[in-house]
Amino acid sequence: MSEQLQQADVINALSRVDDPEIGRPITELGMVKSVTITGNDVQVVINLTIAGCPLKSTLVSNSEAVLQEIPGIGNITVTTDVMSDEQRRELKGKLRGQGAPEGVNPFTQPGNTTQVFAVASGKGGVGKSSMTVNLGVALAQQGLKVGILDADIYGHSVPQLLGSHQDVNQVDDMIMPPIAHGVKLISIGHFVEGNSPIVWRGPMLHRAINQFLTDVFWGDLDVLLLDLPPGTGDVAITVAQLLPHAELLIVTTPQAAAAEVAERAGSLSLQTHQQVRGVIENMAAMVLDDGQVIDVFGAGGGAVVAERLSTLTGQTISLLGEVPLDPQLRVGGDNGTPIVVAAPDSPAAKAITAIAKQLMHRGNSLKGQPLGLSVTNS
């Protein structure tokens, strides 16, 4: 083999290595700094986006693996360097598109095909965040490109539920979202020390959500899920303003009191002109090992919410599924391994996966329609 052909083989092999954060080949991103060939021995230098990149070892090992597949290759040496400021600016241009304006919400741009679901509840403690992360991972398991935005600023929990403890990296001023269980995610929890509380008023909440949409490199997502805080406050209105085509998923438990409060969250769609995609009943009947079924929190709350919302909105709002009460779901959240990964054959995981498959089929989108929010001055 000639040296030129060998170099072409090396570049061709490295084109199969994707940057773990960006999801595109390192050759396409200009991350291969140099390839040196001496006889059959190959030395490759990869440019990292930042010094101390936590995924450095992954990039090196993946590069070594594809190079070892080249017939007749000798010793392989893969080392790393760091991009210059100019190279980072060039990479940012490649990712966003040269000349693309900054501060633009990609999910409202013409031609964007991302399905956006805002997961809401009337009250806390119904498992809304657990449903969000498990649905996200279940959708990723179906081969979709999925992102989760933790819009519950005060009660952020998505990083913990997904076991994401990575630092957030930046390319120039573009935020690279961590990836866990095949899902991109961003949360205010990535930017605070320890368990520090967030003490912000409404305008700061709006700014944070907007920045998560505009400054994060989400890439070409099939689905974006937003974990909303409970109720119908500032963040719910902000999401309706910034993502008017987002469809609402209402999470409730079977008990009557929770169902009544969940109805209020769904009724927000009447003011924001959003579509309610469906209702999810969490903590439904618990099946014991001996087959006995216990309705710990009652029964039928999800169906009641779906029926009432159908009447209020004049649309057919379906009950997407009933997820049984299962201690494994709580354990998976504590361990950072969602139940659809930790126990995929459990009744709860199967119910969540069935709901995710329903979400893969598009409903009637309101994308591009005006928001129509009415504001009353007091």
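Worth saying up front: this structure is predicted, and the values here are computed from it rather than measured. (Residues numbered from 1 in each chain as written. Predicted model: local features only at pLDDT ≥ 70, side-chain atom pairs only at ≥ 80, totals over all residues. Heavy atoms only, no water.)

With respect to the sheet that holds strand E2 (residues 41–48)
Next, step 1: Reading across the sheet, the three strands line up as E1-E2-E3 and stay open at both edges, with mixed pairing between neighbours. Lying at the two open borders of the sheet, with one neighbouring strand each, are strand E1 (32–38) and strand E3 (76–82). For this sheet the average axis-to-axis angle between neighbouring strands, irrespective of direction, equals 15 degrees.
Next, step 2: In this structure, E2 lies alongside E3, joined through seven bridges in parallel fashion. Bridge assignment links Val42 to a residue of E3, and that residue is Ile76.
Next, step 3: Sheet strands touched by helix H2 (residues 56–67): E2 and E3. Its angle to E3, the strand with the most contacts, is close to 145 degrees. (Pairing = 2+ DSSP bridges. Helix = DSSP H or I, 4+ residues; strand = E, 2+ residues; numbered from the N terminus. Axes fitted to C-alpha atoms, helices over the stretch in contact; angles between N-to-C directions. Contact = heavy atoms within 4.5 Å.)

Focus: the packing of aromatic side chains
Next, step 1: Scanning all chains against the criterion turns up two aromatic pairs.
Next, step 2: Aromatic side chains Phe191 and Phe212 sit 6.2 Å apart centroid to centroid with 25 degrees between the ring planes, which places their arrangement in the stacked category. Note that Phe191 is positioned in the loop between strand E9 (183–187) and helix H6 (202–214) and Phe212 in helix H6, a separation of 21 residues in sequence. (Phe/Tyr/Trp six-rings, centres within 6.5 Å; stacked < 30°, edge-to-face > 60°.)

Quick notes on the sheet that holds E9
Next, step 1: Judged by pairing direction, the sheet is mixed, and its eight strands sit side by side in the order E8-E9-E5-E10-E4-E11-E12-E15 without closing on themselves. Only two strands of the sheet have a single partner each, and these edge strands are strand E8 (179–180) and strand E15 (319–324).
Next, step 2: The pairing of strand E4 (residues 115–120) with strand E10 (residues 223–227) spans five bridges and is parallel. Bridge assignment links Phe117 to a residue of E10, and that residue is Leu225.
Next, step 3: Each of E4, strand E11 (247–252), strand E12 (275–284) and E15 is contacted by helix H12 (residues 347–359), which is oriented at about 165 degrees to E15, the strand it contacts most.

So, the UniProt feature "binding site: ATP" (unreviewed entry) in the protein
Next, step 1: With numbering matched to this structure, UniProt assigns "binding site: ATP" (unreviewed entry) to Gly122, Lys123, Gly124, Gly125, Val126, Gly127, Lys128 and Ser129. Considering only the annotated residues already named, the ones lining the second largest pocket are Lys123, Gly124, Gly125, Val126, Gly127, Lys128 and Ser129.
Next, step 2: Residue position: Gly125 is located in the loop between E4 and helix H4 (128–141).
Next, step 3: Within the secondary structure layout, Val126 lies in the loop between E4 and H4.
Next, step 4: The exposure class of Val126 is buried, given its relative accessible area of 3%.
Next, step 5: In this structure, Val126 is in contact with Ser121, Val251, Thr252, Thr253, Asn282 and Met283, ignoring residues within four places of it in sequence. (UniProt positions renumbered as here; feature names shortened; annotations may be inferred. 1 Å grid on protein atoms, 1.4 Å probe; cavity = no way out; pocket = protein on both sides within 12 Å on 5 of 7 lines; lining within 4 Å. Buried < 20%, exposed > 50% of the residue type's maximum accessible area, 1.4 Å probe, protein only.)

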